[in-house]
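What follows is each chain in one-letter form.
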Amino acid sequence: MPDSQGLKPYQTVLSAGESEIVISKSRFLGYCLPVSSELAAQEALAQIRKKHFDARHCCYAFRLTGGIARSSDDGEPSGTAGAPILSVLAGANVENVLCAVVRYFGGVLLGTGGLVRAYGKAASEALDHAEIVQIRVCARLSVTVSYSVYQLIEPMIRQKGYPNEAAFTDSVTLKLLLPSEESDAFISAVTAKTDGSAKIEPLGQSLQEYKPKSAG
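Residues numbered from 1 in each chain as written. Predicted model: local features only at pLDDT ≥ 70, side-chain atom pairs only at ≥ 80, totals over all residues. Heavy atoms only, no water.

Chemist: Please explain the pairing of strand β9 (residues 172-179) as it appears in this structure.
Modeler: With six of eight residues buried, β9 is to be regarded as a mostly interior element. Relative to β9, strand β7 (residues 131-145) runs antiparallel, the two sharing eight bridges. Bridge assignment links Ala139 to a residue of β9, and that residue is Leu178. Sheet analysis places strand β8 (residues 164-168) next to β9, joined by five bridges and oriented antiparallel. Each residue of the ladder has a partner; that of Ala167, found in β9, is Thr173. (Buried < 20%, exposed > 50% of the residue type's maximum accessible area, 1.4 Å probe, protein only. Helix = DSSP H or I, 4+ residues; strand = E, 2+ residues; numbered from the N terminus. Pairing = 2+ DSSP bridges.)

Chemist: Please explain the environment of Ala55 as it appears in this structure.
Modeler: Tracing the backbone shows Ala55 in the loop between α1 (38-51) and β4 (57-64). Through-space distance from the C-alpha of Ala55 to that of Val102 is 6.8 Å; in sequence the pair is 47 residues apart. Residues contacting Ala55, with those up to four places away along its chain left out, are Val102, Arg103 and Tyr104. (Contact = heavy atoms within 4.5 Å.)

Chemist: Would you explain the side chain of Arg103 in this entry?
Modeler: The residue Arg103 is located in strand β6 (residues 97-104) in this model. Residue class for Arg103 comes out buried when judged on its relative accessible area of 3%. A polar atom in the side chain of Arg103 sits 3.2 Å from the side chain of Ser26. (Polar contact = N/O pair within 3.5 Å; in protein donor to acceptor, adjacent residues only side chain to side chain.)

Chemist: In this structure, what is going on with the sheet that holds β4? I would like to understand it.
Modeler: Consider a sheet: its strands pair through backbone hydrogen bonds, and that pairing is either parallel or antiparallel. Taken in spatial order, the five strands line up as β2-β3-β6-β4-β5 in an open sheet, and their pairing is antiparallel. Each of the sheet's edge strands pairs with one partner strand only, and the pair in question is β2 (17-23) and β5 (68-72). With direction set aside, neighbouring strand axes in the sheet form an average angle of 10 degrees. Taken together, the five bridges between β4 and β5 define a ladder with antiparallel strand orientation. (Axes fitted to C-alpha atoms, helices over the stretch in contact; angles between N-to-C directions.)

Chemist: Explanation requested: the pattern of salt bridges in the structure shown.
Modeler: Oppositely charged side chains may form a pair once their charged atoms are brought near each other. Per the counting criterion, the structure on display carries five salt bridges. Here Glu20 makes a salt bridge to Arg27, at a shortest N to O gap of 3.1 Å. Residue classification places Arg27 among the partly exposed positions, given a relative accessible area of 32%. For Arg158, the salt bridge identified is with Glu154, shortest N-O distance 2.5 Å. Taken as a pair, Arg158 and Glu154 lie in helix α4 (residues 147-160) at a separation of four residues, close to a single helical turn. (Salt bridge = Lys/Arg side-chain N within 4 Å of Asp/Glu carboxyl O.)

Chemist: Sorry if this is basic, but what is going on with the packing of aromatic side chains here?
Modeler: Each pair of aromatic rings is reported with the distance of its centres and the angle of its planes. Under the defined criterion, the tally for this structure stands at five aromatic pairs. Judged by centre distance (6.2 Å) and plane angle (5 degrees), the ring pair of Tyr60 and Phe62 falls under stacked. With respect to class, Tyr60 is no different from Phe62; both count as buried. Here Tyr162 and Phe186 contribute two aromatic rings whose centre-to-centre distance is 5.5 Å and whose plane-to-plane angle is 85 degrees, an arrangement assigned as edge-to-face. Placement of the pair is Tyr162 in the loop between α4 and β8 and Phe186 in helix α5 (residues 183-193), with a sequence separation of 24 residues. Like Phe186, Tyr162 is buried. Aromatic rings pair up to connect Tyr147, Tyr150 and Phe168 into one cluster. (Phe/Tyr/Trp six-rings, centres within 6.5 Å; stacked < 30°, edge-to-face > 60°.)

None of the figures reported here should be taken as evidence of function without further support.
This is the structure:
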């Protein structure tokens, strides 16, 4: 669900994954990688096609945030390559991702069902070898407290694992990052624990990968 600012969490590929399968003498090489726009997807495809200039087909699909999805059979029978690749991406619910499958024809016709299975398998294995990350709606907060109050809230922040930076002057100012859905509860907890003495200032929200710090 989008938040009040229209931001919507999603998952994407952080690092590229590759695959290689051979079916009836045809080689299928899968590439799954992150892209941020249609232009970026086309540029990545151009690089793959350049690398495999001698291949018969370079079929692909990509999904972007905002509901944009494209696919191409690149000369294969309609619906036998781009659609199954796109189905793999949609089934995994990943966005801002491109998956291309290069085919070196081995001389044996696979039929429509065989092609669908081959392209789907190559795409699925490439995605399996990629690193998938959650992009979450995160809130940034500035919390300013006295040194004595800092001693009260620091264990709670450490236990939650919220990434933070602290500036120690005549008081302590923390810049925290936390999942947006936890922001209200955190503010209420800090307010209660500090008897309302904490100065809490929201610094906005953003979409980004969220990695809690180890509580240890």
